[in-house]
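Coordinate analysis (summary)
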Amino acid sequence: MAQCCTRIRKLNVRDTRQVSDGGLVEVAKNCPSLEWLNTSRSEMPFKITDVGLLSIAENCPLLRHLEVQGCDCVTDVGLTWLGRGCRCLVHLDIKNCSKVTNAGVRSISEGCHLLEFLDLTNIKRVTDVGVRHIAHHCTKIKRLNLSGLYLLTDGMKRDFGLEGLQALSVAAPDLTYLHLVGCFQVSKVAIQALAASGFVRRLEDLSLAGCVRLHEAAFINLAHNLGCLRNLNLAGCTEAVTDKMVEAVGKHCPLLEHIDLTECEGVGAHGVKSLVVHCRRMISMDFTGCNRLNDVAMLPFADATFKPGIETLVLVGCPGTSDYVRAPSPPWKNLCVYDYHCCACLFLYRLAHVGIGDTGLSWICDGVFDSLVLLNIKGNGMLRTKEAESHSPH
């Protein structure tokens, strides 16, 4: 193929098990105009090594997009060659390339100043030092994924300058996407640095899932500057996420569309109310395992004005008590279960195994169930069977 199709600019061999370094060498020799290459794999990670990257670096100087996700035999040596030969790289995904260290990240950063996307997920040997190199050399970076970098900390100020997230906060003005999933050492100092960064007001996607050392005051300060945020993931932060933090998100992030608060045990009614009242563009909300939620927390949904409409609300594992307050009868006559062809939006609610009963459900229905297509209340012992049956269209 490579010998006959010498004008190829885009090649996707993702999960093609038998493609190895030999194939990449032939492609590199015969396709000098190659601009886009994906060799990611989930099986046989040993097939692609530094040898293939060497050939690409020597023969494909126009390469802009490269994905080698899961190629476990790619090391710092291969990245060094890439940094020297592929200086036009804009997108680089080396997720799960576990042999890469700070040295490889430095080589790429120093050679590929045009990088806008970099995924270092689960490269556990990269530390604050590697992030410093990214901050100093990749000033055009827009999307950065540092998930699973367990050695990443708050960073510090040394004689020669800042390290880690502190360095990033002063040197990446265009950053709009930052994922720090599982970086459990990130805490107050790093969050304060992000709050004062040059890019914080441009951030659209932020994930701090698993960052169990979040500091309340620092995060609230950060939330004040997240006016462009659309996606926020705080899943698994347990008690580190409080109601006050969620309230701040609601008040200062009006463009928010997706929020994941799975296992955030400190979230309660006040936080939910703030999100429902202020974030009118919300599309999905995940409160799985938020065990402080009950019917009262669902009350704001009765007057919700989401536009164009919320699609997913997950309340699995919210064992709050219910039915100590009585609400007016919900407008069940407007419930649309089967005639989904006339629905402007698909509303999917998962209410399995929760403690929200008739009262809470009626408040939700008042506000956001006009175009319901599928309702799952399996295992919900708090709903009274006779009343539920009386509202069924059949």
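As the structure is a computational prediction, the values presented were derived from the model and not from experiment. (Residues numbered from 1 in each chain as written. Predicted model: local features only at pLDDT ≥ 70, side-chain atom pairs only at ≥ 80, totals over all residues. Heavy atoms only, no water.)

**Digging into the nonpolar core**
Ranked by size, the top nonpolar core spans 105 residues in total, and within it Leu261, Leu275 and Met285 carry the most contacts. When residues no more than four places from it in sequence are discounted, the contact partners of Leu261 are Leu234, Val241, Val246, Val267, Leu275, Asp286, Phe287, Thr288 and Cys290. (Core = buried A, V, L, I, M, F, W, Y, C linked by side-chain atoms within 4.5 Å. Buried < 20%, exposed > 50% of the residue type's maximum accessible area, 1.4 Å probe, protein only. Contact = heavy atoms within 4.5 Å.)

**Some thoughts on the packing of helix H7 (residues 188-195) against helix H8 (residues 216-223)**
Their axes nearest at 8 Å, the elements H7 and H8 cross at an angle of 15°. Taken as axis vectors, H7 and H8 run roughly parallel relative to one another. In the packing of H7 onto H8, the handedness of the crossing is left-handed. Each of Lys188, Ile191, Gln192, Leu194 and Ala195 in H7 lies in contact with H8, whose residues at this interface are Ala218, Phe219, Asn221 and Leu222. Here the contact of H7 with H8 is built from residues that sort into 6 nonpolar, 2 polar and 1 charged. (Axes fitted to C-alpha atoms, helices over the stretch in contact; angles between N-to-C directions. Helix = DSSP H or I, 4+ residues; strand = E, 2+ residues; numbered from the N terminus. Parallel < 35°, antiparallel > 145°, perpendicular 65-115°, else oblique. Left-handed = near helix turned anticlockwise from the far one by under 90°. Nonpolar A, V, L, I, M, F, W, Y, C, P; charged D, E, K, R; others polar.)

**Regarding the pattern of salt bridges**
Inspection of the entire model under this criterion finds 6 salt bridges. Arg230 serves as the salt-bridge partner of Glu257, at 3.2 Å between the closest nitrogen and oxygen. Taken together, the residues Glu257 in the loop between helix H9 (243-252) and strand S12 (258-260) and Arg230 in the loop between H8 and strand S11 (231-233) connect sequence positions 27 residues apart. Taking relative accessible area as the criterion, Arg230 reaches 26% and is therefore assigned partly exposed. (Salt bridge = Lys/Arg side-chain N within 4 Å of Asp/Glu carboxyl O.)

**With respect to helix H4 (residues 102-111)**
The element H4 is extensively covered by neighbouring structure, given that 7 of its 10 residues are classed as buried. Turning to H4, its buried residues are Asn102, Gly104, Val105, Ser107, Ile108, Ser109 and Gly111. Check the buried side of H4 and you find it contacts helix H3 (76-85), strand S4 (91-93) and helix H5 (128-137).

**A word on the packing of aromatic side chains**
Geometrically, a pair of aromatic rings is defined through the distance of the ring centres and the angle of the planes. Taken as a whole and judged by the stated rule, the model has 2 aromatic pairs. Positioned above the aromatic ring of Trp36 is the side chain of Lys10, whose terminal nitrogen or guanidinium carbon lies 4.5 Å from the ring centre. In this structure, Arg143 is placed above the aromatic ring of Tyr177, and the distance from its NZ or CZ to the ring centre is 4.0 Å. (Phe/Tyr/Trp six-rings, centres within 6.5 Å; stacked < 30°, edge-to-face > 60°. Lys NZ or Arg CZ within 6 Å of the ring centre and 35° of its normal.)

**Digging into unusual backbone geometry**
Going from Lys307 to Pro308, the amide bond is cis rather than trans, its omega being 5°. When you line up the elements, Pro308 lands in the loop between helix H11 (295-298) and strand S14 (312-314). The phi angle at Asn96 is positive, at roughly 65°, despite the residue not being glycine. In this structure, Asn96 sits in the loop between S4 and H4.

**Considering helix H1 (residues 21-30)**
Here H1 has its buried residues at Asp21, Leu24, Val25, Val27 and Ala28. Seen along its axis, H1 keeps its buried residues to an arc of 165°; they face one direction. The elements touched by buried residues of H1 are strand S1 (10-12), strand S2 (36-38) and helix H2 (50-59). (Arc of directions from axis to C-beta.)

**A look at the environment of Glu163**
Along the chain, Glu163 turns up in the loop between strand S8 (161-162) and helix H6 (164-171). The exposure class assigned to Glu163 is buried, which follows from its relative accessible area of 5%. Sequence separation of Glu163 and Thr127 is 36 residues, and the distance between their C-alpha atoms is 9.4 Å. Sequence-distant contacts of Glu163, that is, excluding residues within four places in its chain, are made with Asp128, Val129, Arg132, Gly155, Met156 and Arg158.

**Comments concerning the confidence of the model for the chain**
Averaged over all residues, the pLDDT of the chain is 84; the fraction at 70 or higher stands at 80%. The low-confidence segment residues 323-348 (pLDDT under 50) makes 57 contacts with residues lying over four places distant or belonging to another chain. Note on residues 385-394: pLDDT is under 50 here. Beyond four places in sequence and across chains, it has 4 contacts. (pLDDT = per-residue confidence, 0-100.)

**A few points about the state of the cysteines**
This model, assessed by the stated rule, comprises 0 disulfides. With no disulfide of its own, Cys228 lies 9.7 Å from the sulfur of Cys253, the closest cysteine sulfur. Left unpaired, Cys264 is separated from the closest cysteine sulfur, that of Cys237, by 5.4 Å. (Disulfide = S-S within 2.5 Å.)

**Focus on a nonpolar patch on the surface**
On the surface, Tyr150, Phe184 and Val212 cluster together to form a nonpolar patch covering roughly 260 Å² of accessible area. Locating Phe184 in the fold gives a position in the loop between strand S9 (177-179) and H7. Given the relative accessible area of 39%, Phe184 is considered partly exposed. (Patch = residues over 30% accessible without salt bridge, like charges linked within 9 Å, V, L, I, M, F, W, Y side chains within 5 Å. Areas by Shrake-Rupley, 256 points an atom, 1.4 Å probe, with all protein chains shown as cover.)

**A few points about the packing of H5 against H6**
The interhelical angle for the contact between H5 and H6, taken along N-to-C directions, is 10°, at an axis separation of 7 Å. Between H5 and H6, the angle is such that the two are roughly parallel. Contacts between H5 and H6 involve Asp128, Val131, Arg132 and Ala135 from the former and Gly164, Leu165, Ala167, Leu168 and Ala171 from the latter. For the contact of H5 with H6, a count of residues per class yields 6 nonpolar, 1 polar and 2 charged.

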